[in-house]
Amino acid sequence: MPSKTIRFDYFRVRCARLTDGNVTELPIYLLHPLLDKMTRMDVVERTYDYRGELARLQVVNRHRIDQRSCWELQLLRLRQAQLPGIATNDGEYEIMELEDDEYVGEEVSVLYDEILSILVIQRNRNSLSPSGIEEFLNLMAPGENIRLEPIIAKEEAMELKNGDYIRSFNLSISDIREMQLADTNNSSLREIISSLRKNYNAISVSIKISLGQRGRKEDSLTLNEVATTINEYTGTNGVTKMILAKKEAEDARVEVYDLIDKRVRGYATCDYKRECPITHNRIFPLLEENFREKVIMLENILA
């Protein structure tokens, strides 16, 4: 069964409020009074004009997660243009047709925690982005200037240990022409990048090394080689992405580490098939689980 990796991004809700001509920056903005108001509105009333289309707050429910007050949100991007087509085994193909009151709904799942005023947002490029959700919140609260601020993790070294299983490594460099690297402990990847510069006249490079779908659970990339590459490129100008996926035991969950971008993120894997698509009802429990795992870390960051 195929699977998809789902990413969750963490944001603090803030607001710059204009009062008597003066801008007051609120340390946090509490969304739950607004969300509580939305629960008393009809779903259709929670639909707003959005970037030439429509967007709707489809689901808004209050939850208890480990004695915390949280909210389950499902937002929809509603579109009637650039519709997909339907193909048949007979070789026919037609663009989907909709009635005037019908839309294609692209969903995104969101969790809101009242205590820390945090939004955890599923990333779905076909639906509302974090900036789109920020814009939607301001449509719901006219007169406010709500902002979603990415939460930055405290500096914490990622340690590779003997016995780790390395599933993938991703490296991107914006300009390899002027890179200055130490001459010790050269990785084999360095030779490949030098060859790309010399033989292809390349300037930017993006490389992903992975076990892929055929890798067995006991397989791993060569740990020492990956460690050497990480040490070699950490802190080097021009490196724009360095992402490692590893697990600490054969049957453990794969954890993803972004070694450049320190924004707090989470990941989950979801299987799917025609009879069991990836929907909000399957994604939101994954959001809850990811939030539970990060609560203590988030409290420490935002203390």
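So, how was this worked out
- Residues numbered from 1 in each chain as written.
- Predicted model: local features only at pLDDT ≥ 70, side-chain atom pairs only at ≥ 80, totals over all residues.
- Heavy atoms only, no water.
- Helix = DSSP H or I, 4+ residues; strand = E, 2+ residues; numbered from the N terminus.
- Polar contact = N/O pair within 3.5 Å; in protein donor to acceptor, adjacent residues only side chain to side chain.
- Contact = heavy atoms within 4.5 Å.
- Core = buried A, V, L, I, M, F, W, Y, C linked by side-chain atoms within 4.5 Å.
- Buried < 20%, exposed > 50% of the residue type's maximum accessible area, 1.4 Å probe, protein only.
- Phe/Tyr/Trp six-rings, centres within 6.5 Å; stacked < 30°, edge-to-face > 60°.
- Lys NZ or Arg CZ within 6 Å of the ring centre and 35° of its normal.
- Pairing = 2+ DSSP bridges.
- Axes fitted to C-alpha atoms, helices over the stretch in contact; angles between N-to-C directions.
- Parallel < 35°, antiparallel > 145°, perpendicular 65-115°, else oblique.
- Nonpolar A, V, L, I, M, F, W, Y, C, P; charged D, E, K, R; others polar.
- Salt bridge = Lys/Arg side-chain N within 4 Å of Asp/Glu carboxyl O.

(A) Focus on the side chain of R68. Summarising the element assignment, R68 is placed in strand 5 (residues 68–79). Polar side-chain contacts of R68 include one of 2.9 Å to the side chain of D113. Beyond its immediate stretch of four places on either side in the chain, R68 contacts H63, D113, I115, L116, F291, V295 and E299.

(B) Representation of the nonpolar core within the structure. Ranked by size, the top nonpolar core spans 30 residues in total, and within it L31, L73 and L119 carry the most contacts. In terms of residues, this core owes the most to one element, helix 2 (residues 130–140), which gives four residues. Apart from residues lying up to four places away in sequence, L119 is in contact with D9, Y10, F11, V13, L31, L73, V110, L111, Y112, L137 and L148. In this structure, I65, C70, V264 and L286 belong to the second largest nonpolar core, which totals 21 residues.

(C) A look at the packing of aromatic side chains. For the structure shown, the criterion picks out one aromatic pair. Arranged with centres 5.4 Å apart and planes meeting at 90°, the rings of Y48 and F136 form a pair that is edge-to-face. Here Y48 is found in strand 3 (residues 47–50), whereas its partner F136 is found in helix 2, with 88 residues between them in sequence. As far as burial versus exposure is concerned, Y48 and F136 are alike and both buried. Note that K247 overlies the ring of Y165, its terminal NZ or CZ placed 5.7 Å from the centroid.

(D) Region of the structure containing the environment of Q82. You can see Q82 is positioned in the loop between strand 5 and strand 6 (85–87). C-alpha of Q82 to C-alpha of I95: the two residues are 13 residues apart in sequence and 9.2 Å apart in space.

(E) Molecular detail of the sheet that holds strand 11 (residues 165–173). Ordered by their spatial adjacency, four strands build an open sheet running 12-11-13-14, and the pairing between neighbours is antiparallel. Two strands close off the open sheet at either side, each with one partner strand: strand 12 (205–210) and strand 14 (255–258). Between one strand axis and the next, the sheet turns by 10° as a mean value, whatever way the strands run. Inspection of the sheet shows strand 11 paired to strand 13 (residues 239–247) by eight bridges, in the antiparallel sense. Within strand 13, the position partnered with Y165 by the bridge is K247. The sheet strands contacting helix 3 (residues 188–200) are strand 11 and strand 12, and the helix crosses strand 12 at an angle near 145°. Where helix 4 (residues 223–233) meets the sheet, its contacts fall on strand 11 and strand 13, and the angle it forms with strand 11 comes to roughly 30°.

(F) Examining the side chain of R265 more closely. Within the secondary structure, R265 sits in strand 15 (residues 265–271). Owing to a relative accessible area of 15%, R265 belongs among the buried residues under this scheme. At 3.5 Å, the side chain of R265 and the side chain of D258 are in polar contact. Leaving out residues up to four positions away in the same chain, R265 has contacts with R7, F8, D9, Y10, D258 and K294.

(G) Representation of the packing of helix 3 against helix 4. Look at helix 3 against helix 4: their axes get within 8 Å of each other, and the N-to-C directions meet at 60°. If you check the angle between helix 3 and helix 4, you find them oblique. Along the contact surface, helix 3 presents S188, L189, R190 and I193, while helix 4 presents E225, T229, E232 and Y233. Across the contact of helix 3 with helix 4, the residue classes tally to three nonpolar, two polar and three charged.

(H) Here's a closer look at the pattern of salt bridges. A complete count under the given rule lists 22 salt bridges for this structure. When the shortest N-O distance is used, the salt bridge between R14 and E149 registers 3.0 Å. With a gap of 135 residues between them, R14 in strand 1 (residues 3–19) and E149 in strand 10 (residues 146–150) connect regions that are remote in the sequence. A relative accessible area of 29% means that E149 is categorised as partly exposed. A salt bridge links R68 to D113, with the shortest nitrogen-to-oxygen separation between them at 2.9 Å. With a gap of 45 residues between them, R68 in strand 5 and D113 in strand 8 (residues 104–113) connect regions that are remote in the sequence. Since its relative accessible area comes to 8%, R68 is described here as buried. Of the residues examined, D113 reaches a relative accessible area of 0% and is grouped as buried. Several salt bridges share partner residues, and in doing so they unite R7, D9, R123, D258 and R265 into one network.

(I) Broad picture of the pairing of strand 4 (residues 53–65). Pairing geometry for strand 3 and strand 4, over four bridges, is antiparallel. The partner of Y50 across the bridge, within strand 4, is E53. Where strand 4 meets strand 5, eleven bridges bridge the pair, whose relative direction is antiparallel. Along strand 5, the bridge assignment pairs I65 with R68. Hairpin connection between strand 4 and strand 5: a loop of two residues separates the two successive antiparallel strands, and D66 in this loop has a positive phi of roughly 50°.

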